[in-house]
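# Notes for the structure review
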Amino acid sequence: MTDSPRAANLLAQLEHLNEQQLRRLLVEHLTKQKLGLYWEASAIERDAALNADLVLPRLVEEWSCTNVGRVSPSGRNPTSGAPAHGNVGLRDDPANPTYTLPSPAGGRGAGGEGGFTHRNLIIEGDNYDSLRLLRATHAGKIRVIYIDPPYNTGNKDWVYNDHYVGANDRWRHSQWLEFLYRRLALARDLLTPEGVILVSINDENRARLELLMDEVFPGMRVGSQVWRTRDTTSAKGRNFSDVHEHILVYAREAFAFNGREKTQKKYKNPDNDPRGPWNGDPLTLAFDRIQRKNLFYPVHNPKTGRWYPCDENRVWAYATESRVENAATLQAETMEEWIRREKILFPTEERVVVWNTLDELTAAIDCGDIPVTPKRKRPLLTRDTPDLEFWVGKPVGFGRPLFKKHWVDLQSHINPVSSWISRINEIYDDEDFVVMRSPQAGEGTEVIQEVLGSKVFQYPKPPTLIRELLRQATQPNDIVLDFFAGSGTTGQAVLELNAEDGGQRRFILCSSTEANTKEPDKNLCRDVCAERMRRVIKGYSGRAGYTPEQGGEFAYLQLDKVEAADAHFEIDAAHAFQLLALKRLGVVCAASEGAVQRLGRVEDCELLVCNEVNDASIEILAAWPQRHGVARLAIYSTRPKTLSEQLAARGVEANCYSLMDALLSGQRGSAI
Ligand SMILES: C[S@@+](CC[C@H](N)C(=O)[O-])C[C@H]1O[C@@H](n2cnc3c(N)ncnc32)[C@H](O)[C@@H]1O
């Protein structure tokens, strides 16, 4: 960790301490126990992805998808020459750069001059690099991250620095934790204030991952969900048959699952209550009279004069004023206050008995002729009831008072439940229960086979599982990121959900090539992830495809890495254009040729890139506001000051920014 800014900061602070102070600090450090997870970070080989260079996106047009096969930058189908079918996002008129493009989420105009505007991304490469790019372009913009990282099963299920990590690797767990730690720390910065990260994990590694998540996302733990991966048992092992996995949920404070709207079915209004429909709720708490002495008392109905005994195993939910010295200090309302507000529902038709003597009462107790609890029929008065004489000579009601829960006072939705391990007699169709349902893991493989013709990817997740998670966790315009995308299941789930509810969710899938020393030419991202998405978008096995409006398109990005010191020489115009389009507009489109490129428009401001400041480009820029009817220009340029002066001299006001500063911002420095 000595390369991180945090470590550098600490070192700088230690510089000022004298020897004695340093010794004291060391002793404190050596003796103080930390609560949490330790792993060996210094002994393991450094993660090859970690370096201080810059990551730049490069659009690979021929591997991108516009829903019409390969579309040339002119927006024409390269084989037929006909205008591309379903060409939303294509330039309307190549001669006139003031075209209209679909507005991405947030209502900003967008688009480059070169062609199709992509709003979905597939990013090829090590996800450490993809995440570094996204930190520069999407910090604070992603609401939902779902990942299904390699589980570190020991069955060589993941690659660290080009070699598979097997069961006998001495630092297996430390490498895995360090590898995930670095990536999760970058991902944390991408979340919006309502953001959530959902992480799939098996039972074996859940505990380690959960402690790691606590470290990276302190205070953000929401809980976990369990899903059944299969119904068949396995002969492996002597004890459990492993049929479940977990999904860990960590979220920022403003996050909430969508849950489900409550239904009014149970709420009625037989007494024409002006507050509207209500439902009778039990008026008791799960504490006994020893645990909550003050909540064990007789309740009195002031209208009828009847008395109701308290269940000694479930006391009243509200205190009585007669037992509270200062009712004003109570946080909840008193029983009397609720009665005054007519929120307590006393039985109208019930048996009422008066025992005139203690003997009469005890005789009734002995023969069981006394009030009982509604479900278990436990007697509410016994010979051991404290102050039994209180009940002599009073009218005692045999019914139970209830709390009137009004529909208007309810939260409008119910949250999903976290577990599928059901209680005996639990009814899943209960309207107060939101159970997420998923098919078994086999669905993932079946879908891959159907889409790609063979089982080219092992253990993909079922699209239904991810779709159900996204249904609960996303809003219709969210960006969904999966940085262990593998075969791209998350992308398919996003499209399926959009088609169901008309949403405009976008996906960002980061997938590695999985190339390694044994298979140097392997490219999982291109040949499985992108190919799957292309076929899903086109429609497969008789299923409808997706229009670009439904998200049926993606840009395929590769990453180029440039040493910071060489940035001025190695960053080319296309890199700059893509990076700025992603940063400012969250879209990708092919850059046009020429000294001035249009990125798009934000409100009334035209965003432009000027790669060469010369007479020709200044003339184009000076004429831009009038020619395109825009009020303001924001221009990224290699020489912003000169450009600004030259334009001002021609009476054109423009905000000119340093292209290099814009490219470097958010790129340097590790997240840790
Ligand atoms: C368990 S699989 C995810 C499967 C995915 N949920 C699906 O349904 O297809 C984990 C994926 O992470 C990928 N992976 C491992 N290390 C990676 C890295 N450093 N960068 C990007 N992807 C990586 C692996 O190639 C593998 O495809």
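Structure: see above.
In short, a report on the structure. A quick note: this is a predicted structure, and the numbers were derived from the prediction, not measured.

Rules and cut-offs
Residues numbered from 1 in each chain as written. Predicted model: local features only at pLDDT ≥ 70, side-chain atom pairs only at ≥ 80, totals over all residues. Heavy atoms only, no water. Near = heavy atom within 4 Å. Polar contact = N/O pair within 3.5 Å; in protein donor to acceptor, adjacent residues only side chain to side chain. Areas by Shrake-Rupley, 256 points an atom, 1.4 Å probe, with all protein chains shown as cover. Nonpolar A, V, L, I, M, F, W, Y, C, P; charged D, E, K, R; others polar. Pairing = 2+ DSSP bridges. Helix = DSSP H or I, 4+ residues; strand = E, 2+ residues; numbered from the N terminus. Expected span 1.5 Å × (residues − 1). Buried < 20%, exposed > 50% of the residue type's maximum accessible area, 1.4 Å probe, protein only. 1 Å grid on protein atoms, 1.4 Å probe; cavity = no way out; pocket = protein on both sides within 12 Å on 5 of 7 lines; lining within 4 Å. Points joined across faces, edges and corners; volume = space filled by probe spheres on them. Disulfide = S-S within 2.5 Å. Axes fitted to C-alpha atoms, helices over the stretch in contact; angles between N-to-C directions. Parallel < 35°, antiparallel > 145°, perpendicular 65-115°, else oblique. Left-handed = near helix turned anticlockwise from the far one by under 90°. Contact = heavy atoms within 4.5 Å. Salt bridge = Lys/Arg side-chain N within 4 Å of Asp/Glu carboxyl O.

Take the site of the ligand next. Near the ligand you find 20 residues, and of these Asp-148, Lys-461, Ser-487, Thr-489 and Glu-514 are the closest. Lys-461 is positioned with one of its backbone polar atoms (N or O) 2.8 Å from an oxygen atom of the ligand. For the ligand, whose free accessible area comes to 590 Å², the fraction covered by protein is 92%. Split into classes, the residues belonging to the shell around the ligand amount to eight nonpolar, seven polar and five charged.

Turning our attention to the sheet that holds strand β16 (residues 402–406). With antiparallel pairing, the three strands of this open sheet are ordered in space as β10-β16-β13. One side of each edge strand has no neighbouring strand; the edge strands of this open sheet are β10 (278–282) and β13 (344–345). Relative to β16, β10 runs antiparallel, the two sharing five bridges. Across the sheet, Asp-281 pairs through a bridge with Phe-403, a residue of β16.

Under the 1.5 Å per step criterion, the end-to-end length of helix α2 (residues 19–31) is 18 Å for 13 residues, consistent within 8% with the ideal 18 Å. Summarising burial for α2: zero of the 13 residues are buried, a small minority. Capping the start of α2 is the job of one residue whose side-chain oxygen sits 3.1 Å from the backbone nitrogen of Gln-20: Asn-18.

The subject of this paragraph is empty space enclosed by the protein. Under the criterion given, the structure shown has two cavities of 30 Å³ or more. Each pocket or cavity is described by its volume, and for the second largest cavity that value is around 60 Å³.

The next thing to look at is unusual backbone geometry. For Asn-272, which is not a glycine, the phi torsion comes out positive at approximately 50°. Within the secondary structure, Asn-272 sits in the loop between β9 (260–261) and β10. Residue Asn-272 is classed as exposed on the basis of its relative accessible area, which comes to 65%. Although it is not a glycine, Asp-387 adopts a positive phi angle of roughly 55°. Note that Asp-387 resides in the loop between α7 (358–366) and β15 (395–397).

A word on the state of the cysteines. Simply put, the disulfide is a covalent bond whose two ends are the sulfur atoms of two cysteines. For the structure shown, the criterion picks out zero disulfides. You can see Cys-510 has no disulfide; the closest cysteine sulfur is in Cys-525, sitting 8.5 Å from it. Cysteine Cys-610 is unpaired, with the sulfur of Cys-656 as its nearest cysteine sulfur at 8.5 Å. Note on Cys-610: relative accessible area 0%, which makes it buried.

Okay, the packing of helix α10 (residues 489–501) against helix α11 (residues 524–538) next. Running from amino to carboxyl end, α10 crosses α11 at an angle of 20°, the nearest separation of the two axes being 9 Å. Classified by the interaxial angle, the pair formed by α10 and α11 is roughly parallel. Here α10 runs over α11; the crossing is right-handed. Between α10 and α11, the residues in contact are Thr-489, Gly-491, Gln-492 and Leu-495 and Arg-532, Met-533, Val-536 and Ile-537, respectively. Residues of the contact of α10 with α11, tallied by class, amount to four nonpolar, three polar and one charged.

With that settled, consider helix α9 (residues 463–473). Burial analysis of α9 places ten of its eleven residues in the buried class, the great majority of the element. Buried residues of α9: Pro-463, Thr-464, Leu-465, Ile-466, Arg-467, Glu-468, Leu-469, Leu-470, Gln-472 and Ala-473, and no others.

On to the sheet that holds strand β21 (residues 596–602). Taken in spatial order, the four strands make up an open sheet running β21-β22-β23-β24, and their pairing is mixed. With one partner strand each, in any of the chains shown, β21 and β24 (655–658) form the two edges of the open sheet. With strand direction ignored, the average angle separating the axes of adjacent strands in the sheet is 20°. The pairing of strand β23 (residues 632–637) with β24 spans four bridges and is parallel. Note that in β24 the partner of Ile-635 across the bridge is Cys-656. In this fold helix α13 (residues 573–585) packs onto β21, β22 (605–610) and β23, with an angle of close to 5° to the strand it touches most, β21. Across the sheet, helix α15 (residues 640–649) lies against β22, β23 and β24, angled at about 165° from β24, the strand it touches most.

What follows concerns the pattern of salt bridges. Per the counting criterion, the structure on display carries 45 salt bridges. A salt bridge links Glu-496 to Arg-467, with the nearest nitrogen and oxygen atoms 2.7 Å apart. Of the two residues, Glu-496 is situated in helix α10 and Arg-467 in helix α9; the sequence distance between them amounts to 29 residues. The class for Glu-496 is buried, based on a relative accessible area of 14%. Through salt bridges that share partners, Glu-321, Glu-333, Glu-337, Arg-340 and Arg-341 make up one connected network.

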